[in-house]
Amino acid sequence: TASKLTGALPAISGASLTGISAVADVKFGVTLTTAVSNVTGDGTAYSMTGSGFWTEIFDTGSDFNTTNGTFTAPSTGKYLISCEVTMSGFTSGNTLNDLDMVSSNRTYRMEWGRMDEIHSSNSLITKSFTQIMDMDSSDTVYLKLTCGASGKGVDITTGFGAATKFQGALLA
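Predicted, not measured: the structure shown is a model, and the values here were computed from it.

Quick notes on the rules
- Residues numbered from 1 in each chain as written.
- Predicted model: local features only at pLDDT ≥ 70, side-chain atom pairs only at ≥ 80, totals over all residues.
- Heavy atoms only, no water.
- Helix = DSSP H or I, 4+ residues; strand = E, 2+ residues; numbered from the N terminus.
- Buried < 20%, exposed > 50% of the residue type's maximum accessible area, 1.4 Å probe, protein only.
- Contact = heavy atoms within 4.5 Å.
- Areas by Shrake-Rupley, 256 points an atom, 1.4 Å probe, with all protein chains shown as cover.
- Core = buried A, V, L, I, M, F, W, Y, C linked by side-chain atoms within 4.5 Å.

**Q** Which residues make up the overall build of the protein, and what values do they have?
**A** Along its length, the protein carries zero helices and 13 strands. Helices and strands appear in the protein in the N-to-C order β-β-β-β-β-β-β-β-β-β-β-β-β. The buried share among the 172 residues of the protein stands at 39%. For the protein, long-range pairs separated by at least 24 residues make up 77% of all intrachain contacts whose partners lie at least 6 apart in sequence. Carbon and sulfur atoms make up 50% of the accessible area of the protein, which totals about 9100 Å².

As structure tokens, then:
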């Protein structure tokens, strides 16, 4: 038999209710610390990791490691992970371009082709990418950029009103 609650709900402190669970407050947001030059363009896969690469804007669960550039899921669940990567140094020869979110379970890839719309090597292009990921406790995710078929002249940049960002949150 279903019953209906009326009136104010009681305050709960340090207790739990059967069948009700709270989603942990897990979210992070980081931004590129400084631009990195000539990291890809010749087919090199550049992992956006390493000490000093990312600066935390917020990290409520302390789950993003700025030393190795990875987010580690503290619990099993569905996570919304997104990034915005601003690049420069493209030529029309840069084809087969990939932005990957590399997780413990699988790699999520966004591909784009020729860069004919880029008129000079100083032009900026920003790619945004969002995925809902099924992550288990202790799974990790980081970003990787690969641009090919030309010289190694693609930079990952910040500034000029553009930013390179990486963020995520536990959905459920």
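**Q** Account for unusual backbone geometry, naming residues and giving values.
**A** The phi torsion at Asn38 lies on the positive side, around 55°, for a residue other than glycine. Tracing the backbone shows Asn38 in strand 2 (residues 36-40). Of the residues examined, Asn38 reaches a relative accessible area of 44% and is grouped as partly exposed. Backbone geometry at Ser62 places phi at a positive 55°, although glycine is not the residue there.

**Q** An account of the environment of Asn65 is requested, with residue identities and associated values reported.
**A** Mapped onto the secondary structure, Asn65 falls in strand 5 (residues 64-65). In this structure, the C-alpha to C-alpha distance between Asn65 and Trp54, residues eleven residues apart in sequence, is 8.9 Å.

**Q** Go over the nonpolar core with me, naming the residues and quoting the values.
**A** Counting residues in hydrophobic clusters, the biggest one holds 35 residues, and the most contacted among them are Phe71, Ile81, Met101, Ile156 and Phe166. Per-element accounting of this core gives the leading share, five residues, to strand 7 (residues 77-88). When residues no more than four places from it in sequence are discounted, the contact partners of Phe71 are Val26, Phe28, Asp63, Phe64, Tyr79, Ile81, Met135, Asp139, Thr140 and Val141.

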